[in-house]
Amino acid sequence: MLSSLSVLILSLLVVGSTANWADESLLTTTTTHGPDLKFKGDVFSKDGTYILKSGSSYVAKSVMTGRDSYFPTTLPEKLRTRFVTPDSTHPNLAFWYTPEVFEREGTRDGAFVEEWPNVANICYHGHTDTASCLWVKNQGTQLSNNKYVEAMKQPAVNNRPTYVKDVVNGHGVVRFSRGDKLGKTGQYLEMYKRCTNLNCSIADDTAGFLTDWTNSATPANTAYTMFLVVKTNQRSRDTNPMGIVNLVSTGAKTGFGLYKTEARCFAQYSGTLSGSNRLADPVTFLNVSSSSPPSDVPGTYNGLEINIYSATTDAETGVRHVARSCRVEQYIVVGSVKTALTTNIATVTLSGGAGAVGKITAAQIASLQPFLRFGPDISTAHAAGDVQVTASAASGDDTVLTFASTDFSTNNVAAGQLVFLGLSAGEFHTAVLSLCLTNSSVPTAAGETSFELVQPGAPDCNQGTYRQFSTVSAYYGGVQDEDNGCATECEAAGGCDPTAADFGANNTCVKKWGSRRRLQDPDKGWKVITVKASGANMQVFVDGVHGGCENADACTIVPPVDITGATPVTLSSFRLGLMAAEGSADADFASMDMAEVMVYDKALSVQEMDRIGNYLATKYHVSEFQVDRAIRSPTRSAAVTKAAGCDRILFSTHSAKVCDGFNGANCASGVSHVTLSSTLADEDTVDYYKGMRLSIKGGGSAIDDSIRTAAGQSCRITAYTPATRTATCDLTESGQSSFVLHGNETYPGVVGSNSVGTADPEIYVEWAPEWKAPYYAALGDPVTTPREIVRVTEAVVVGTVWKLTVERGFGTTVPAAMTLADTQAQNEAARITYSHSMVPMDAAAADKWFLVNDIDGWTRLPATTSNLYVRITGTGAGPPTEELQVEQAMRLSWALSNVLASGDATMNITDLTRFTTASLLAGDLLRIGDLYTGEIVALSGACTASGCPITRAQSGTTQASTVPVGTAVTLIERDGVFTNPVYLFAPTGATNYSGLANAYTAANGILADFAWAPQGAPVTGQAFVGGSAVSEYVLEACDPKSTPFVYDAPIQIVSGHQYLKSPGSGFGGSDNADTRSTGNAFWVSIGGQPSSATDVLTGGPGTTLEIKGWYVMPTDLDITQDTGNSTLSGAKTQRYENYLLVTIGQHTHSCDDPTEVKSCAREKELECNIVEIPTGYCDENWDLKCRCKDGAACPDCAGGTGICHAGPPPGTDQDWPVLSKPSIRCRLPETLESDSDLNIFWHGIHTRLSHWFHPRNPSVSSISPMRIPFTGMATVTVRGSDFGPADTWVGKDAKSMIELRGRSMAAKCLEVVHVSNRELLCKIPPLALTRQIDLNRDAKTVTLHVVVNKAGKQSRQTSADAITYEGVPGYFGCESRTRNSLDKTTCFQCCRSACIVDEFATGARKGGTTYAHCDATCNKYCGIVN
């Protein structure tokens, strides 16, 4: 319980706050609270008020420790850091194996590990699990005092791994080593029951489980989550998988296995071994044969490794093991005939060897009785035929081979002829082997076995020669995920090269590595591996990425191993360091370092996996680990503080030329599709780029303006076809929409009333595009007619919504009201659809031209164009829409056919191409001559054969005196609203164009959007700005123009690392505060200053830091084990504060390790409250707030069953349902170091605002009194701002001071008293005894400046900080800087004269001592005497 003093201080934090979170309706009365939730009684909240009464309880518990966590006394000291280490007492933590236990026990470096002690759920008095933590266990006297008593150990000395100190980031590891290169033998740990019962009073040395911690007694209920920190160590000639974890049924391999696939180099030759002689000698040599013949050149494969594979694959992993691995000493056994063979003879003498041939000894030859072929080459038999050798003997240095008598009289063998030895008749591709490794499953002579001849470089193969990658694979419940090493792809490609991102044929290999599509080689660095099993499903994650939503349209994270539909089994064996029971042919022992293992007896959530994984990654400095920080993700586990924009990507982006700069057969045309690079774009994943934004750059306009650049346009990719590399992406941005919330006057109204009136000039909407106004919008259901068109003249963000200033009923559409029911429920009738332009006149089917209004404010139109496209959209089923290529875009214009004189009321005009005078209507405004300065006339009636009646000099223009024939007359306005209407002509020159496909009625609301098509190839015969017409595209990993990226940054800091000057229009969860336009609140003063103060305050008593941001909190405020309903407020939020840590200080690298925190003493922990959480709205009423999980039925909504929308929307939906910005409020310490970090930890996951505190220089606004005697010793009050806290001014370590500065004086205040951040007291020193250049002899004054120096930051000198010494004697004008006796004499004479004049001027009050006084004063002033 907090002391009363603490309660008083903390209560200052929430003065004025309405957030109390004392919702006791959510509290139970059955359990306990406090350290490890084991104490009963009253608890204070941080604001000093009671939140829990006796018997009430928090029941939520995080996997990480928090403010009230309990640490058993035998838990290693380094695991007891609150907020950043896991909770060892979490009810689901079954086993925790960590190197700290070896440090605690003083284990020597290199010692054998007999047991790796478990530190999970050490029993103690008060442990909540009284069924497992029995009273006798709490005494620590039993064989085990853990909740789960099983032991991870190794009784056999020869199989024990070793403990090695200081291996990774200062931590020790358990090192497992293979006993042989094939992995048949080695070191491992296995779980033993230890005890016969939960009391753990009777020992049991049986391997297996005493308790069903995997929940697999009923296999379908299997659930566990496992974390491992591992680095494997494949060495040269290591082959076969390396088993990391083996969790299976007793005596079987069925269950779960995690292993590393070995890196393998590409085979120089492979085939099958066949025939009875293929393994004639299990040590030295064998016959290699294949359907694809090997090399005929002796020595080709010398020095290579030959790996011979088992005839069958492993039933669980699908892996075919290497049964034997040897070194090729000699490929093709060859000799040379010394003496020619010309008779019938039974021996042949070969040069050299002394009885051996090609490293085959005489004894081996006698045993094997190989065949001998007489050259000239290996592939062609001699005419005398092959012979079988029966013996070999030395003849001096030479070798004599014996065989059945053979007649060579006809078919001689010349001296020097080559001979070849083979193991079977007709086959002489023989390899002599050495250094053979084998296991018990070496193939017998029967059957066939595959082999490979490879370079011995693995795991580091030569460039482009990888046959298989080193990575993580697994099996589970009879389902295999065995080819993560991509052997299939690399074989098809003839070798892979990871250094060049060459991962084999097609794009299938990288997909096997999960959403990251990145090779995760445990040989190359430490990996945090997460295993999550739940029933028939199992996933393995490497270095995080447990969840997220990097792609805006797809939130599915694919792990490197994702097994579904498995058949779980009852589990009873748990081993580390191998794949199957010792002695098995497929034991697959590992060479690896294991730093830490944590096992939970449940399937943890994404956020929980992030938290434990983050702890392990920071502890062991695994830099590749990634927690979910994606702002669109429903499982985000960290605060996000960067500016709004695309998150760190999972998907691969790139930039390239459109269509590769070549208009091939697959090059898309128009503005709805863009063809991506054939070499860089993904080639086989449908919708891989969906949700990303594509932007066009490069490609200049044609000099003649017939082609315009598409640069600067962008679009959201809505589909992707990999076969043609085509991205569906509408550059016109047509159809973007949102929902209207209310108008400016009538909302909220009453049930049955309208929320938008017919005359409301302002409309509040949920989202609007960031287009330059003016633009247009259609109000209403797109499939229902009619719709109202409005012209948007201004769009601003107000709180979490957009306010549009509009012109209603644009064109011939009619203003319409929107009902409260439609806007609240966001029915289609409340939809607003945005557009760059609109169609003001009807357009009939088959029309080849139509009128649009004000295309993006164009002021210059091309006479003809070849790459302009328009998309028009009407209303009705569909709704009807079509994309058209534009041939011409021009204003409606005619030419005068007669001179228009001053005073004429009729003009005659001549039709230009495609225009007729019938297109003009009474009331139209026309500009005569220049479009910007010409006279404007109004058409007062219909045009006839005799002319068009007009009213002159409209809109403030001057009537022209005489306008010549041929002057242009242009339509500029119709019905008082159209500006610069433009006719658009579709390509009538194209014979296959038959006009519009649909009819469009202007009164129903017709929208039009435009885009310039990008160019995919050079255009011949054209000159272009910049020299090229070819467009380039750039892909972004998300769509930063969509929700929520268009809203303000999660936590904003202005440039220069200073705080924003104003806390905005509100704080503490105000719905409408802190947007892009108003800024974010960082400071709120509780201690004497109004919250609206514009000054930036320095930390001090009563000063509160407010951290606000849309993404400042993780998404799972509803902690596991809390109350069953979905409400997030009340006790849940209060409990969540227990896992929030905010610190200020310099957070160094050493502070990251959660077990090494002593070096972080400079960080100061803040007392903080959550004052607002993400608040969404109910599906039946957007104005009805709800504090529940996103997508959950919520008690805040109607009937308690309505759905709460409180998270980012999927897909292209622009809704942003979060109505209140989450906020944390913290009390600041009295001292803040400059350039300190602000650190936010949620459940141990750290978010850092680096060097965020950069205090402003102090400022002096006034000095009182402003005039003091020259003798000083007066006390003045210095007022201003940013003077800092008291402890920077007092004490032996004080670094602040007040200085008086002038041209002849610089002195410090004799004493300083700190009153507040805005007020200081200074005891002024006397005027310095030196010549004062600033002396005003007439006024007898010297004016100086008061400078506040706050720890090196100084106030700027202004007139407000001036202080004046009065009554300054005249001798202060004498030069006092003397170097010799002559200077001193001169100074004394000047000083004495001035002093005497001053004394007599004041009445010679010293009388007869005047001269003596002046002499003494001047002797001191001039330095003659001290």
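Residues numbered from 1 in each chain as written. Predicted model: local features only at pLDDT ≥ 70, side-chain atom pairs only at ≥ 80, totals over all residues. Heavy atoms only, no water.

### Digging into the pattern of salt bridges
The tally for this structure, following the rule as stated, stands at 51 salt bridges. The salt bridge partner of Glu1299 is Arg1301, with a shortest N-O separation of 2.6 Å. Since its relative accessible area comes to 22%, Arg1301 is described here as partly exposed. Salt bridges sharing partners connect three or more residues here, namely Arg264, Glu452, Arg467 and Glu491. (Salt bridge = Lys/Arg side-chain N within 4 Å of Asp/Glu carboxyl O. Buried < 20%, exposed > 50% of the residue type's maximum accessible area, 1.4 Å probe, protein only.)

### Quick notes on the pairing of strand E49 (residues 868-873)
Judged by how many residues are buried, E49 sits mostly within the fold: six of six residues are covered. Burial along E49 is two-sided: the residues Leu868, Val870 and Ile872 and Tyr869, Arg871 and Thr873 are all buried. Across six bridges, the pairing between E49 and strand E50 (residues 881-886) is antiparallel. From the neighbouring strand, Thr873 faces E50, where its bridge partner is Thr881. Alignment of E49 against strand E62 (residues 1007-1012), held across six bridges, turns out to be antiparallel. The residue of E62 that forms the bridge with Ile872 is Ala1008. (Helix = DSSP H or I, 4+ residues; strand = E, 2+ residues; numbered from the N terminus. Pairing = 2+ DSSP bridges.)

### What about the state of the cysteines?
Counted under the stated rule, the structure contains 15 disulfides. Residue Cys123 pairs covalently with Cys133 via a disulfide, S to S 2.0 Å. Because the torsion about its S-S bond is -75°, the bridge between Cys123 and Cys133 counts as left-handed. Of the two residues, Cys123 sits in the loop between strand E4 (115-116) and helix H3 (135-138) while Cys133 sits in the loop between E4 and H3, which places them 10 residues apart along the sequence. Using a relative accessible area of 4% as the deciding quantity, one classes Cys123 as buried. When its relative accessible area of 4% is taken as the criterion, Cys133 is described as buried. (Disulfide = S-S within 2.5 Å.)

### Some details on the pairing of strand E77 (residues 1275-1281)
A large share of E77 lies buried, amounting to five of its seven residues. Summarising the sheet, strand E75 (residues 1259-1264) and E77 pair through five bridges and their orientation is antiparallel. Across the sheet, residue Ile1263 finds its bridge partner in E77, namely Val1278. For E77 and strand E81 (residues 1319-1323), the ladder comprises five bridges, and the chain directions are antiparallel.

### Topic: the packing of helix H10 (residues 1381-1401) against helix H11 (residues 1410-1421)
Their axes nearest at 9 Å, the elements H10 and H11 cross at an angle of 140°. If you check the angle between H10 and H11, you find them oblique. Crossing handedness for the pair H10 and H11: right-handed. Along its contact with H10, which presents Cys1387, Phe1388, Cys1391, Arg1392, Cys1395, Ile1396, Glu1399 and Phe1400, the element H11 presents Thr1410, Tyr1411, His1413, Cys1414, Asp1415, Cys1418, Asn1419 and Tyr1421. (Axes fitted to C-alpha atoms, helices over the stretch in contact; angles between N-to-C directions. Parallel < 35°, antiparallel > 145°, perpendicular 65-115°, else oblique. Left-handed = near helix turned anticlockwise from the far one by under 90°. Contact = heavy atoms within 4.5 Å.)

### What to know about empty space enclosed by the protein
Applying the stated criterion to the full structure yields 14 cavities of 30 Å³ or more. The computed volume of the largest cavity comes to approximately 160 Å³. Counting only elements with at least two residues in the lining of the largest cavity, the list comes to strand E13 (264-265), strand E16 (305-309) and strand E25 (449-454). In terms of residue count, the dominant contributor to the lining of the largest cavity is E16 (three residues). (1 Å grid on protein atoms, 1.4 Å probe; cavity = no way out; pocket = protein on both sides within 12 Å on 5 of 7 lines; lining within 4 Å. Points joined across faces, edges and corners; volume = space filled by probe spheres on them.)

### Concerning the sheet that holds strand E22 (residues 398-407)
Taken in spatial order, the six strands of this open sheet run E18-E23-E20-E21-E22-E19, and their pairing is antiparallel. What marks the edges here is a single partner per strand, and that holds for strand E18 (333-336) and strand E19 (344-350). Shown here is a sheet whose adjacent strand axes are inclined to one another by a mean of 40°, direction ignored. Relative to E22, strand E21 (residues 387-395) runs antiparallel, the two being bridged by six bridges. Across the sheet, Ala394 pairs through a bridge with Thr399, a residue of E22.

### Looking at the sheet that holds strand E43 (residues 788-798)
What the six strands build is a closed barrel, ordered E39-E41-E44-E43-E42-E46; its pairing is antiparallel. Adjacent strand axes in the sheet meet at a mean angle of 45°, parallel and antiparallel pairs treated alike. Strand direction decides the pairing type here: strand E39 (residues 737-743) and strand E41 (residues 762-765), joined by three bridges, are antiparallel. The partner of Val740 across the bridge, within E41, is Val765.

### Describing the confidence of the model for the protein chain
Residues at a pLDDT of 70 or more form 82% of the protein chain, whose mean pLDDT is 81. Across residues 1-58 the pLDDT falls below 50, and counting only partners more than four positions away or on other chains, this stretch makes 137 contacts in the model. (pLDDT = per-residue confidence, 0-100.)

### A few points about the nonpolar core
By size, the foremost hydrophobic cluster in this structure holds 80 residues, and its most contacted members are Leu228, Phe256, Leu258 and Phe574. Tallying contributions element by element places strand E33 (residues 592-600) first for this core, with seven residues. Dropping the residues within four chain positions of it, Phe574 is found in contact with Met152, Leu189, Glu190, Met191, Phe209, Trp213, Met226, Val245, Asn246, Leu247 and Val599. (Core = buried A, V, L, I, M, F, W, Y, C linked by side-chain atoms within 4.5 Å.)

### With respect to the side chain of Asp593
Mapped onto the fold, Asp593 is located in strand E33. At 2.7 Å, the side chain of Asp593 forms a polar contact with the side chain of Arg175. Excluding residues within four positions of it along the chain, Asp593 makes contact with Val167, Val173, Val174, Arg175, Val229, Val230, Lys231, Asn233 and Trp526. (Polar contact = N/O pair within 3.5 Å; in protein donor to acceptor, adjacent residues only side chain to side chain.)

### Brief notes about the environment of Ser1281
One can find Ser1281 in strand E77. Residue Ser1281 is classed as buried on the basis of its relative accessible area, which comes to 9%. A C-alpha to C-alpha distance of 9.7 Å links Ser1281 and Ser1355, two positions 74 residues apart in sequence.

### Comments concerning the side chain of Asn233
Here Asn233 is to be found in the loop between strand E10 (223-232) and strand E11 (242-248). Residue Asn233 is classed as buried on the basis of its relative accessible area, which comes to 16%. In terms of polar contacts, Asn233 uses its side chain to reach the side chain of Lys231, at 3.2 Å. Not counting the four nearest positions on each side in its chain, Asn233 is found in contact with Asp238, Met242, Asp523, Ser591, Met592 and Asp593.

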